[in-house]
Amino acid sequence: MRDKYKEIFEAGTDLPLVEDFYTIQGEGFHTGKPAYFIRIGGCDIGCRWCDSKISWNPKEHRLISVEEVVRKAVESPAKSVVVTGGEPSLYNLEPLCSELKKHNIENFLETSGAYEITGEWDWICLSPKENKAPVASSYKKANELKVIIFDIEKDFAIAEEHAKLVGDDCLLFLQSEWSQYVHNVKPIVEYVKNNPKWNISLQSHKFMRIP
Ligand SMILES: C[S@@+](CC[C@H](N)C(=O)[O-])C[C@H]1O[C@@H](n2cnc3c(N)ncnc32)[C@H](O)[C@@H]1O
Ligand SMILES: Nc1nc2[nH]cc(C(=O)O)c2c(=O)[nH]1
Ligand code: SF4
Ligand SMILES: [Mg+2]
């Protein structure tokens, strides 16, 4: 993937836009906070339960300049932007971060951290993936670690391994994979009660039936 879209990834001045929308952050530490979402196309990680598979192929989405997409966010009442994907760490995110900062917009990132994270971020949510682990620098930059629990038999142990690699101030969240929610919710509640350094993250936007 890096080779085919190399120039676009490296420049970061035009991005394939899957969708952008003003909504409520549904997950993690900032749950409940209004934010403008920018979903960038392109991901080569291939999680089987990914809820954003439409974003995988960057070529299926029109390129938009960072100025134009930030203008759309600025025209909304949003004070914060969440950049997601797809896998945003494929891109040079410096131009997008600078443009957001020019307009005094708080910028939050959702990433697997599989590639080096570029740009200056107010908040980085790292959600590690089995198919491609985060690079070491992503663990260090994370403000929040959000591990997806699909298989309760093995994913708690995997979560603990990731938790050893983040900084001391990084907040820790467990989030059930959406299709396994009914099966997983009680074990996750018990796990967090027994291991109180962890918090629960729900995909609350899906319960609210909002984007
Ligand atoms: C679609 S991903 C895009 C950002 C980045 N590629 C990543 O995975 O972090 C956004 C967030 O949704 C989570 N996610 C994706 N599919 C999910 C599912 N079926 N159930 C629960 N969380 C999911 C990811 O782990 C990530 O935290
Ligand atoms: N409301 C809402 N909150 C979210 N938090 C992370 C999301 C994502 O897809 O990255 C997401 C999303 O898609 N919608
Ligand atoms: S890394 Fe994120 S966008 Fe890519 S497949 Fe996994 S959940 Fe989906
Ligand atoms: Mg989502």
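Residues numbered from 1 in each chain as written. Chains lettered and ligands numbered in written order. Predicted model: local features only at pLDDT ≥ 70, side-chain atom pairs only at ≥ 80, totals over all residues. Heavy atoms only, no water.

Where an unreviewed UniProt entry is consulted, the protein appears under the name 7-carboxy-7-deazaguanine synthase, with the organism given as Paralabilibaculum antarcticum. We quote the UniProt Subunit (unreviewed entry) comment for the protein here in full: "Homodimer." Check the Catalytic activity (unreviewed entry) section of the UniProt entry for the protein; it says "6-carboxy-5,6,7,8-tetrahydropterin + H(+) = 7-carboxy-7-carbaguanine + NH4(+)". (UniProt positions renumbered as here; feature names shortened; annotations may be inferred.)

1. Brief notes about the pattern of salt bridges
One side chain can pair with another of opposite charge once the charged atoms of both are near each other. Enumeration over the complete set of coordinates arrives at 14 salt bridges. With a closest N to O distance of 2.9 Å, Glu110 and Lys146 form a salt bridge. Residue Glu110 is located in strand E5 (residues 106-111), and its partner Lys146 is located in strand E7 (residues 144-149); the two are separated by 36 residues in the primary sequence. The residues Glu110 and Lys146 share a single accessibility class, namely buried. Lys154 is the salt-bridge partner of Glu130, the closest N and O atoms lying 3.3 Å from each other. Within this pair, whereas Glu130 is found in the loop between strand E6 (123-126) and helix H4 (136-141), its partner Lys154 is found in the loop between E7 and helix H5 (155-163), the two being separated by 24 residues in sequence. According to the relative accessible area criterion, Glu130 is exposed, its value standing at 62%. Here Lys154 falls in the partly exposed class, since its relative accessible area comes to 34%. (Salt bridge = Lys/Arg side-chain N within 4 Å of Asp/Glu carboxyl O. Helix = DSSP H or I, 4+ residues; strand = E, 2+ residues; numbered from the N terminus. Buried < 20%, exposed > 50% of the residue type's maximum accessible area, 1.4 Å probe, protein only.)

2. Details of the environment of Ile200
With respect to the helices and strands, the residue Ile200 is situated in strand E9 (residues 198-201). Taking the C-alpha atoms as reference, Ile200 lies 28 Å from Leu90; in sequence the two are 110 residues apart. Not counting chain neighbours up to four residues away, the residues in contact with Ile200 comprise Phe173, Leu174, Ile188, Val189 and Val192. (Contact = heavy atoms within 4.5 Å.)

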